[in-house]
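Here is what each chain is made of, one letter per residue.
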There are 2 protein chains.
Amino acid sequence: MCGIIGVIGERNATPILVEGLKRLEYRGYDSAGIAVGHQGAVHIARAMGKLVNLEESLKASPKTGYVGIGHTRWATHGPPTEQNAHPHRSGSVAVVHNGIIENYQELRAALQQDGFTFQSETDTEVIPHLIQQALTAQPDDPVAAVRAAIKQLHGAFALGILIQGREDMLICARRGSPLLIGLGEGENFIASDATPLAPYTRRMLYLLDDDMAVLTKDGVTVTDLDGNPVERVIKQSQVSADVTEKWPYRHYMQKEIYEQPTVVGETLKNLIHAADRTISVSQTAVGLDLAAVQAVTIVACGTSYHAGMVAKYWIEQQARVPVNVDVASEYRYRNTPMAAGSLMIVISQSGETADTLAALRHAKAQGQQVLGVVNVPESTIDREADATLYTLAGPEIGVASTKAFTTQLTVLACLALALAKARGQLSPEDERRHVEDLLQIPARIEQVLTHDDKLQEVGRQLMHASGFLFLGRGAQFPIALEGALKLKEISYIHAEGYAAGEMKHGPIALIDEELPVVVVAPKDGLHEKTISNVEEVKARGGRVVMIHTAGESTGVAADFEVGIAPCGEFAAPILYVTPLQLLAYHIAVHKGTDVDQPRNLAKSVTVE
Amino acid sequence: MCGIIGVIGERNATPILVEGLKRLEYRGYDSAGIAVGHQGAVHIARAMGKLVNLEESLKASPKTGYVGIGHTRWATHGPPTEQNAHPHRSGSVAVVHNGIIENYQELRAALQQDGFTFQSETDTEVIPHLIQQALTAQPDDPVAAVRAAIKQLHGAFALGILIQGREDMLICARRGSPLLIGLGEGENFIASDATPLAPYTRRMLYLLDDDMAVLTKDGVTVTDLDGNPVERVIKQSQVSADVTEKWPYRHYMQKEIYEQPTVVGETLKNLIHAADRTISVSQTAVGLDLAAVQAVTIVACGTSYHAGMVAKYWIEQQARVPVNVDVASEYRYRNTPMAAGSLMIVISQSGETADTLAALRHAKAQGQQVLGVVNVPESTIDREADATLYTLAGPEIGVASTKAFTTQLTVLACLALALAKARGQLSPEDERRHVEDLLQIPARIEQVLTHDDKLQEVGRQLMHASGFLFLGRGAQFPIALEGALKLKEISYIHAEGYAAGEMKHGPIALIDEELPVVVVAPKDGLHEKTISNVEEVKARGGRVVMIHTAGESTGVAADFEVGIAPCGEFAAPILYVTPLQLLAYHIAVHKGTDVDQPRNLAKSVTVE
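Note that this is a predicted model, so its numbers are computed, not measured. (Residues numbered from 1 in each chain as written. Chains lettered and ligands numbered in written order. Predicted model: local features only at pLDDT ≥ 70, side-chain atom pairs only at ≥ 80, totals over all residues. Heavy atoms only, no water.)

## Quick word on empty space enclosed by the protein
For the structure shown, the criterion picks out nine cavities of 30 Å³ or more. Of the voids in this model, the largest cavity is the one considered here, and its volume is about 1,100 Å³. Residue composition of the lining of the largest cavity, grouped by class: 25 nonpolar, 10 polar and 14 charged. (1 Å grid on protein atoms, 1.4 Å probe; cavity = no way out; pocket = protein on both sides within 12 Å on 5 of 7 lines; lining within 4 Å. Points joined across faces, edges and corners; volume = space filled by probe spheres on them. Nonpolar A, V, L, I, M, F, W, Y, C, P; charged D, E, K, R; others polar.)

This is how it looks when you write it as structure tokens:
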């Protein structure tokens, strides 16, 4: 979280920084700021809240400079005030930072003893002070001063640094948090990802951990923290300059829900041979011996974790391999024993999720094979995994993930079948049947979208509830979790997902006339069991929303029913999440929350 | 859930039934009822709500009979009205039932076509009608009529049946739900468990699935569903007749929280050699080759599931064996592939939890070794597991589990060390150190109990919150889940536990000035990471309750702090749950809920 941009060149940096921040705003939007340098002066502008406030401030008081850094913030330490907004300054040093400095309390105490005064509550502010302190000792070598400061930092950082009086250089460094350099004509850039640089250049240089770089308008020097030059490859970015438009939809999230039939279809094309109804993944995942896999570990965060949970059901049932699914922030610190012959799958839309990346690195260090499932090619996880399967969801702008989730499920369903096939567990008949089911999913999602008005009405009637339960069994249990997460993220309603059979071991105490219970209950082998649980809810006065198979009796007097066109049981989870996404969307719209940029959240979680 | 009792003998059955129901009330208390038979008449009394209402009704209108059945209900189908209370009657047949009839809708439709009228919304009522229908066809053979009826039932049941005009017999049957027969002198009994029979007899005959029995005052005949006699062993029950008293405490839950130092100490005694600071479990778990274990699967529900999640951290770290933990209601239907050389651990306070028992049977059918961790000797899980380790918590009366949980953790900690030792992964130094830490836990819990007043005050200040988050990392993450479950169960506040590092992937959207966040953050290897997450909460105005190591800086400006005496990191989860139990308890007392019998819940979940 937090987005960084920087530029040095021959034209005014301010509009480039502001345009870049717009494209980085998905990473955080608690506050924003820029610093530009010109003729021995550094000018800073900062504003609380979204970028539009910074734009207003710059209109009122324009800033000009040929070198500059910009930042859009997702608050970690200290509330989102202007005081805590970046850039932070100490003497002649201005800094933007993405990451968390873990030893900032000790550093802060020492700097205060040395006479430095702190203006903010952030962890970041120790950095400009440390650089200024080093610069006072060696005023002629700003790069050495930055090096000396960085060596004192523990934790994660991507830094953009401007030194007053040295407007001929832009300094940057990274450890843990993403940062890349864009190489232009007579101008060079830094940024948290490639998107904001698309209008200017496609030539990207990716920094590695503990790299530092000095940019001038004509060149870039990359060194390690001791100042020794290092070589980094230059890659051609595939990110297109087209700005994503949400028209004719009201919100990006709505647009992305409606894109699902298309992007699930696109993703499928890469994974199956449609003509002969077979899986083609084994060729795609080049270099991984799927037949030899004895156990699978899946690691992810948030919505991607829910996709991993569905995959556990699929892989265990189809490929008969035990699967362990783990939250990345837990997995990376647990020092889990690795089973022999096991494959790790990491799932991340952005391919930059900090905890997931750390889990990948931990597993690779133990000699594990790692397969990435990511939406952003060239992302760190894509580059570091042994193999990658791509979700072809296209850019996802809404902070609450929708199409990334359904395309992740699509990839994982095909991977489960590929594993089953490689291990000799999948009959040609079952392969054909499951592939046919998958091929029908895009059209089935379109049918679900025709219930939009109905779900809008259900949302209107339930919008005032202070809490929700979502229930499901089997592979629909993680779908219930994901439905609850969507509602929580964008409507701020305390929604929780539960395995339907687990409800009576505690959460049933919450049930009264006020608590809506959303039940995902297709007509499958577990239907009757789920209905027994719904009876327990009804017996206590709860209001029930049934998401069930159209044309089949629900078996219970639900308060609201949404019938979903019949589909194969294997592929059903991909289908059943869509009504839950729409329900969450409409409740949030009814409540008037900021659907695409809900409070406190950020799209790409690059801090731990 | 639901408790059944029945008696046939030479004295008035009513007071025996009522006394028995009191001891079964932990199984459900939505409504209660009895039926007694005398001289060709069956008298029924039923009342909504707790047992005291039935007692009032019986005072106003006493019933006498030498044969009788009684029932205390935990509603599954139909709200807890008098209409839906058991016994249910059709013609000359009265029935009490624990379980769920899955095909009741089809049976009900057919019976209605045949002219039967239904008085209730329950699944149970089909049973007396089916028996009456069969009895009309063969009025001279009530036992054959019951057999014919039972053969039409799908699902789970324990049944007590009274036939008007046949006051010389009491018929019972079971499938899935627990039922035992107590053998007295000139009187015989049926009951859901041995506790209500303790004053009358210790000789118990445990029925197996699809057993039917006919009791007279002088004898018992057990047959299969075709009427062929079967032999069942008679066992001596160890349940004592002492009625558990809560005095001098206000609630059983409070008493049980305060018993934890004692019962954890008692449980430990069985598992370690205190004198030489070593683990003695390997001898206890007779018959299991711990050294050969290559993988572990843990299956449980509710609070026991959280104990299993802590055990995953312990076993993976200490014994270096991969562990999969699963909710029983999910595990049993997933058809999980069994890893070679794997051990299954099932955890259940009552030893009767229906889903956990089904998981045990599934695993045994696949040839897995199963180790039970139960609190009730002679319970079904105890009897069916290959080996059992006992929690010596004593009877737990409060529906929200407390001392059962900490004693489960105690057993599982010792088991993790035993596994590690058997596999050569535990150095004598580490064994000694961990055992010493465990030995200190009872005294440390006593120290935690001295914070009772403080937690009462924290509870007073936070009681009006509509939701809570509980955060932890590592083995304290399941402790956060358990803290949230306690609050949910007894205060009906929507509390949710999260891995601290996962908060920013969604739930952080809930955080505002209204939402208290309880953080379990002892000074351990993950402390700094957790504090970074707490900073994110504080930056958004959340109210933070820190449960941390006494004498160490919390590293953050918390709104409330509770310092816990330092203890070894390994044993810490056993200690850190106690302040969360007390917090939940005091919030519930402040709110005036029924702490020991919270709404909708039952102690022993013997339906799916």
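## Section: the pairing of strand β2 (residues 31-38) of chain A
Residue and element names in this part refer to chain A. Burial runs high along β2: seven of the eight residues are buried. Pairing of β2 with strand β4 (residues 67-73) involves seven bridges; the strand directions are antiparallel. Bridging across to β4, Val36 finds its partner in Gly68. Pairing of β2 with strand β3 (residues 41-48) involves eight bridges; the strand directions are antiparallel. Considered in β3, the bridge of Ile34 is made with Ala45. From the end of β2 to the start of β3, which pair antiparallel, there are two residues, and Gln39 there has a positive phi angle of about 50°. (Buried < 20%, exposed > 50% of the residue type's maximum accessible area, 1.4 Å probe, protein only. Helix = DSSP H or I, 4+ residues; strand = E, 2+ residues; numbered from the N terminus. Pairing = 2+ DSSP bridges.)

## What to know about the nonpolar core
Residues Ile315, Ile345 and Phe468 of chain A together with Ile315, Ile345 and Phe468 of chain B are the most contacted members of the largest nonpolar core, which totals 189 residues. A per-element tally of this core places helix α18 (residues 572-591) of chain A first, with 13 residues. If we skip the residues at most four places from it in the chain, Ile345 of chain A touches Val296, Thr297, Ile298, Val299, Ile315, Leu371, Val373, Leu412 and Leu415 of chain A. Core analysis: the second largest hydrophobic core is formed by 30 residues, Val95, Leu111, Val146 and Leu159 of chain B among them. (Core = buried A, V, L, I, M, F, W, Y, C linked by side-chain atoms within 4.5 Å. Contact = heavy atoms within 4.5 Å.)

## Considering the environment of Arg540 of chain A
The residue Arg540 of chain A is located in the loop between α17 (527-538) and β25 (543-549) in this model. Overall, Arg540 of chain A belongs to the buried group, its relative accessible area being 9%. Measuring from C-alpha to C-alpha, the distance between Arg540 of chain A and Asp512 of chain A comes to 6.2 Å, with 28 residues separating the pair along the chain. Residues in contact with Arg540 of chain A, not counting those within four places in the same chain, are Ile508, Ile511, Asp512 and Glu513 of chain A together with Asp30, Trp74, Ala75 and Asn600 of chain B. Of the polar contacts made by the side chain of Arg540 of chain A, one reaches the backbone oxygen of Glu536 of chain A; its length is 2.8 Å. There is a polar contact of 3.3 Å between the side chain of Arg540 of chain A and the side chain of Asp30 of chain B. (Polar contact = N/O pair within 3.5 Å; in protein donor to acceptor, adjacent residues only side chain to side chain.)

## So, the UniProt feature "domain: Glutamine amidotransferase type-2" (unreviewed entry) in chain A
Here the UniProt-annotated "domain: Glutamine amidotransferase type-2" (unreviewed entry) positions come out as residues 2-218 of chain A. End C-alpha to end C-alpha, residues 2-218 of chain A measures 28 Å, and it is 24% helix and 34% strand. (UniProt positions renumbered as here; feature names shortened; annotations may be inferred.)

## So, the relation of the copies chain A and chain B
Its rotation angle being 180°, the transformation that places chain A on chain B also includes 0.0 Å of axial translation and leaves an RMSD of 0.1 Å. On this basis, the relationship between the two copies can be described by a two-fold rotation axis. Among all C-alpha atoms of chain A, that of Asn324 of chain A lies closest to the rotation axis, at 3.2 Å. Taken together, the interface assignments show that 100% of the residues at the interface of chain A recur at the interface of chain B, consistent with an identical surface on both copies. (Least-squares fit on C-alpha atoms with pLDDT ≥ 70 in both.)

## Some details on the domain arrangement of chain A
All names here are of chain A. The domain boundaries assigned to chain A delineate domain 1 (3-244), domain 2 (252-448) and domain 3 (450-595). Between the C-alpha centres of domain 1 and domain 2 there is a distance of 35 Å. The interface is formed by 11 residues belonging to domain 1 together with nine residues belonging to domain 2. Together domain 1 and domain 2 conceal approximately 940 Å² of surface at their shared face, both sides included; 48% is due to carbon and sulfur atoms. On the surface where domain 1 and domain 2 come into contact, there are one salt bridge. With its nearest N and O atoms 3.5 Å apart, the salt bridge here joins Asp209 to Arg361. Between the two partners, domain 1 and domain 2, sit one residue pair in polar contact (both at pLDDT 80 or more). When grouped by side-chain class, the residues that make up the side of domain 1 that touches domain 2 number four nonpolar, four polar and three charged. (Domains from an automatic or database assignment. Buried area = accessible area lost by both parts, 1.4 Å probe. Salt bridge = Lys/Arg side-chain N within 4 Å of Asp/Glu carboxyl O.)

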